[in-house]
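Each chain, written out:
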Amino acid sequence: MTAYDVIVLAGGAAKRLGGADKPGLRVGGRALLDRVLSACADAAVTVVVGGRRATARPVVWTREVPEGGGPLAALGAGLRLTTAERVLVLSADLPFLGRGTVDALLTAAGEPGREGALCTDPDGRDQPLVAAYRAEPLRRELALTATEHGSLAGLPLRLLTAELDLTRIDAGPDASFDCDTWDDIAAARARIREHGAVLDEWITSVKNELGIDLDVDTALLLDLARDAAHGVARPAAPLTTFLVGYAAARARAGAGPDEAAAAVAEAARKATDLALRWEAEAEASGGEAAGAGSSGGGTADGTAGGAGRDAGREGTGTP
């Protein structure tokens, strides 16, 4: 895909949150701002308009003039630091923004004759801070608006979007879900723990925490963990998956994400086969033991069976 830049608006007073540092609030163990940044990690330039803070990946910082001048002023400040033909524009409070939505916006913004694309929420309302714009018309309209009103401070975003030829994208309820209140934060935190979503959320969070850029075949690793637990012992499950990861990293040091993913799959296959062989041996041994027990090899008082068990401990030093 053609290179793009991204502007993340991370200012604002967060009045409905009592003035809390909204971009720094955590959902699923990650700051809201970091969750947004992870959805556009391949941007050529990432500009964050707001107060400086620690982030999961490098960004360029700037502030709107005057500070607190609103989203249009923040957009203008961020745009001055971008050079790409397309600019992704996002607010910093989108906990469920995903790569699929980003790709859809960028693709739609690149259509001939269009000047950008934005998401609409489930009620059909435009979301100009979940959008991608062509840089040239965006600069044009910002300049015209600033000339007409004297500055961009305090102006609503609809003055800009009304003048652009934009494609509307229905990206579903999650992509445009933003956190303006404590109820929104609570709802977001509850949603990531819903059945069917929690595992993907957890894996994504762990990968971001560890700086891993790898598509993990979750089903493959879960199957491996199951086979190791059933065929060997329950503690074997986490230890085996760790060893698979270590073996894959050692085998593919310096390789790209695709090669690394293939190495994980191959290591998991080998470990799964091994666990299944262990399980088969255990089942076979159980059958053989049952057969021996039914053959009448022991005495009536069981002494022969006891002697057999002690014989199996030869060389252990046990009397």
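Keep in mind that what you see is a predicted model, and the values were worked out from it rather than measured.

A. Representation of the layout of surface pockets in the model. By volume, the largest pocket is sized at about 930 Å³. Forming the boundary of the largest pocket are 31 residues, of which Arg-30, Ser-38, Ala-39, Thr-204 and Asn-208 lie nearest the centre. When contributions to the lining of the largest pocket are tallied by element, the ones reaching two or more residues are helix H1 (32–38), helix H8 (198–210) and helix H11 (257–293). Looking at which element gives the most residues to the lining of the largest pocket, the answer is H8, with six residues. Around the second largest pocket, the lining is made up of 29 residues, and of these Gly-11, Gly-12, Lys-22, Leu-129 and Asp-180 lie nearest the centre. Listed by contribution, the elements that provide at least two residues to the lining of the second largest pocket are helix H2 (71–79) and strand E8 (126–134). Top element by residues in the lining of the second largest pocket is E8. It accounts for four residues. Counted by class, the lining of the second largest pocket contains 15 nonpolar, seven polar and seven charged residues.

B. Spotlight on the sheet that holds strand E6 (residues 86–91). Spatially, E5-E4-E1-E6-E8-E7-E9 is the arrangement adopted by the seven strands of the open sheet, whose pairing is mixed. Only two strands of the sheet have a single neighbouring strand rather than two, namely strand E5 (60–62) and strand E9 (166–170). In this sheet, adjacent strand axes meet at a mean angle of 25° when their direction is disregarded. Across five bridges, E6 lies against E8 in antiparallel orientation.

C. Molecular detail of the pattern of salt bridges. Applying the stated rule across the entire model yields 20 salt bridges. With its nearest N and O atoms 3.1 Å apart, the salt bridge here joins Glu-115 to Arg-140. One end of the pair, Glu-115, is in the loop between helix H3 (99–109) and strand E7 (116–120); the other, Arg-140, is in helix H4 (residues 135–149), with 25 residues separating them in the sequence. Assessed through its relative accessible area of 36%, Arg-140 is described here as partly exposed.

D. Layout of the pairing of E7. Counting buried residues in E7 gives five out of five residues, a clear majority hidden from the surface. Along E7, one buried face is formed by Gly-116, Leu-118 and Thr-120 and the opposite face, lined by Ala-117 and Cys-119, is buried too. Looking at chain direction, E7 and E8 are connected through five bridges and run antiparallel. The partner of Cys-119 across the bridge, within E8, is Gln-127. Bridge count for E7 against E9 is five bridges, and the pairing is parallel.

Reading the values: rules and limits
Residues numbered from 1 in each chain as written. Predicted model: local features only at pLDDT ≥ 70, side-chain atom pairs only at ≥ 80, totals over all residues. Heavy atoms only, no water. 1 Å grid on protein atoms, 1.4 Å probe; cavity = no way out; pocket = protein on both sides within 12 Å on 5 of 7 lines; lining within 4 Å. Points joined across faces, edges and corners; volume = space filled by probe spheres on them. Helix = DSSP H or I, 4+ residues; strand = E, 2+ residues; numbered from the N terminus. Nonpolar A, V, L, I, M, F, W, Y, C, P; charged D, E, K, R; others polar. Pairing = 2+ DSSP bridges. Axes fitted to C-alpha atoms, helices over the stretch in contact; angles between N-to-C directions. Salt bridge = Lys/Arg side-chain N within 4 Å of Asp/Glu carboxyl O. Buried < 20%, exposed > 50% of the residue type's maximum accessible area, 1.4 Å probe, protein only.

Honestly, that's just the spatial picture; any functional story needs more than this.
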